[in-house]
Amino acid sequence: MNTNWSHPLEQQTVRQAFIRYLVPSILGMLVVGFNFIIDGIMVGHKLGSTALAGIGIASPVYTLFVAMSLWIGMGGATLYSTHMGEKDLLKAKQIFSKSITIILLATLVIGLTAFSFKDALVYALGANAETFPHAADYMNIMLLFGFVFTIENALSIFVRNDGNPNTSMYAQITFAVANIVINYVMLYILEWGVRGVALGTIISAFLALLVLLTHFFKKTNHLTFTRFKWNWKLLSAIALIGFPSFLAELGMSVFSVSHNVSLERIAGTDGVASFTVLNYIHGVVLLAFLGLASAAQPLISYYHGAKQRDREKQAVRLAGWTAGICGVLLLLIVQVGAPYFVQIFGNFSSAVTDNAIYGLRIFTFAYLFMGINFVMSTYFQSIGNAKMAIWITAAREMIIMVALIALLPAFFGITGIWLAVPLSELLVLISITIYYRKRSLAERLNQLSIHN
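Residues numbered from 1 in each chain as written. Predicted model: local features only at pLDDT ≥ 70, side-chain atom pairs only at ≥ 80, totals over all residues. Heavy atoms only, no water.

A. Local environment of the overall build of the protein. Each helix and strand counted, the protein has 15 helices and zero strands in total. For the protein, the C-alpha radius of gyration of 22 Å lies close to 22 Å, the compact-globule estimate for 452 residues. Taking the principal axes of its C-alpha atoms as reference, the protein extends roughly 70 × 45 × 35 Å. Counting all 452 residues of the protein, 58% fall into the buried class. For the protein, restricting intrachain contacts to residue pairs at least 6 apart in sequence, the fraction spanning at least 24 positions comes to 83%. When the accessible surface of the protein is summed, it comes to about 18,500 Å², and 68% of that surface belongs to carbon and sulfur atoms. Each charge sign in the protein was given a centre, from 28 positive and 19 negative side chains, and these centres are 14 Å apart. (Helix = DSSP H or I, 4+ residues; strand = E, 2+ residues; numbered from the N terminus. Rg over C-alpha atoms; globule rule 2.2 N^0.38 Å. Buried < 20%, exposed > 50% of the residue type's maximum accessible area, 1.4 Å probe, protein only. Contact = heavy atoms within 4.5 Å. Areas by Shrake-Rupley, 256 points an atom, 1.4 Å probe, with all protein chains shown as cover. Lys, Arg positive; Asp, Glu negative; His and termini not counted. Charge placed at Lys NZ, Arg CZ, Asp CG, Glu CD.)

What follows is the structure, encoded as structure tokens:
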């Protein structure tokens, strides 16, 4: 154990540290989110709504790879920061080395295995005769080369947890700017269609990875590869703590597939296209909330490892209030701007446009609760309470949401599909409130019994 060094979090107040992590985390995520929107605009204008729907259908493959990187990346980085708080530098380095190795091997195996039955997979994700060529072009590139952005995404998490949120932000900006430029070339100059869009994503992730590698040349860097043994107990801890992050991203696949399948059944390709437009906008909001939670995670993990409970609780309160305020602002912005947001993706039929505007205005009530749910899931994950973090994630993105999306359309038609997520987020927040109050009461009673 090495105690001869001082972490930057020891030098700052909780508010100062939170802002130091919050600004680059949210800015980086928003830049990436706007990049996805610009991608959608270019695809919509150049290739039309069917190609846009095809990308939407294949997007769960991209989400799955991101989920893998977050699973091991967040699990490993949380333990990394906890051990840094305990001043156990050697264990922290071993966790980093093991995490990156696992991510590389896992995503290579999954990508190559899925590629062997790629056509069946495209249809299983909701493609029809119209959307299959576009979905297949996008998915095939992702399956073969997705390991590039899984390594980039995981390394970004570790760099942020190593006290360098700015380099993570610079990597995200590099990814976003490069992706816009490369995709413009692919679509409008080379005219490679959806296949070119997928290649642009991979190349951009590689350039972002190069930016992240500059962290290894800084004097403050503690991320060094070191020899390790396959300690299955430690591997299980990484997998368990990171599992809520995997579920969160996997839940996006469930979210996309369930909405695509339901809308295909009720409204056909126009319904899927309207959801794809909504999903581009929703993706930006999710990234903003993820950026907020990502800013709180290194602080909570470090304070928890250092046994600084008051600072840990203060970080959670700051993140929770920030999420609540952001949720209200986002709701108001989307309610007013929905028609303009939809129109920038292209000149679609009135069925697609009207459906997307109507869906957005209902769907965005979820933002009142979603950000707080993100923060609380991250909090429980960061202190090692994986059980509660898993419940929050699985309930809001799978269990309750899927149940509602299966039941509500029978009573409310397409409106029921748009209502499923807001109601799911509300019900989960209620469950968190009940659990947190019972937990706080139990802690107070325990303290009283100790004093007596």
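B. Structural detail: the environment of Ile 182. Among the secondary structure elements, Ile 182 is positioned in helix α7 (residues 165–189). Separated by 146 residues in the primary sequence, Ile 182 and Val 328 place their C-alpha atoms 35 Å from one another. With sequence-adjacent residues up to four places away left out, Ile 182 is seen in contact with Gly 200, Ile 203 and Ser 204.

C. Representation of the side chain of Thr 167. As for its position among the elements, Thr 167 is in helix α7. Discounting residues that sit within four places of it in the chain, Thr 167 has contacts with Val 159, Val 211, Leu 212, Thr 214, His 215 and Lys 218.

D. Looking closely at the packing of helix α3 (residues 89–115) against helix α5 (residues 132–145). Contact geometry of α3 with α5 gives a least axis separation of 7 Å together with a crossing angle of 140 degrees. Across from Gly 111, Leu 112, Ala 114 and Phe 115 in α3, the residues of α5 making contact are Asn 140, Leu 143 and Leu 144. Broken down by class, the residue content of the contact of α3 with α5 amounts to five nonpolar, two polar and no charged. (Axes fitted to C-alpha atoms, helices over the stretch in contact; angles between N-to-C directions. Nonpolar A, V, L, I, M, F, W, Y, C, P; charged D, E, K, R; others polar.)

E. Looking closely at the packing of aromatic side chains. Scanning the entire structure with this criterion turns up 21 aromatic pairs. With a centroid separation of 6.4 Å and an interplanar angle of 10 degrees, the aromatic rings of Phe 216 and Phe 225 are classed as stacked. Given the relative accessible area of 24%, Phe 216 is considered partly exposed. On the basis of relative accessibility, which here comes to 53%, the residue Phe 225 falls in the exposed class. On the basis of an interplanar angle of 55 degrees and a centroid distance of 5.1 Å, the ring pair of Tyr 379 and Phe 380 is categorised as tilted. We note that Tyr 379, like Phe 380, is buried. Each residue in the set Phe 255, Phe 275, Phe 289, Phe 363, Tyr 367 and Phe 374 is aromatic and connected to the rest through ring pairs, giving one cluster. When the ring centre of Phe 115 is taken as origin, the NZ or CZ atom of Lys 118, which lies over that ring, is 4.5 Å away. (Phe/Tyr/Trp six-rings, centres within 6.5 Å; stacked < 30°, edge-to-face > 60°. Lys NZ or Arg CZ within 6 Å of the ring centre and 35° of its normal.)

F. Quick look at unusual backbone geometry. One non-glycine residue with positive phi stands out, namely Lys 87, at about 65 degrees. When you line up the elements, Lys 87 lands in the loop between α2 (49–85) and α3.

G. Representation of the environment of Val 342. Structurally, Val 342 is set in helix α10 (residues 309–343). Among all residues touching Val 342, those that are not within four sequence positions of it are Val 277, Thr 353, Ala 356, Ile 357 and Leu 360.

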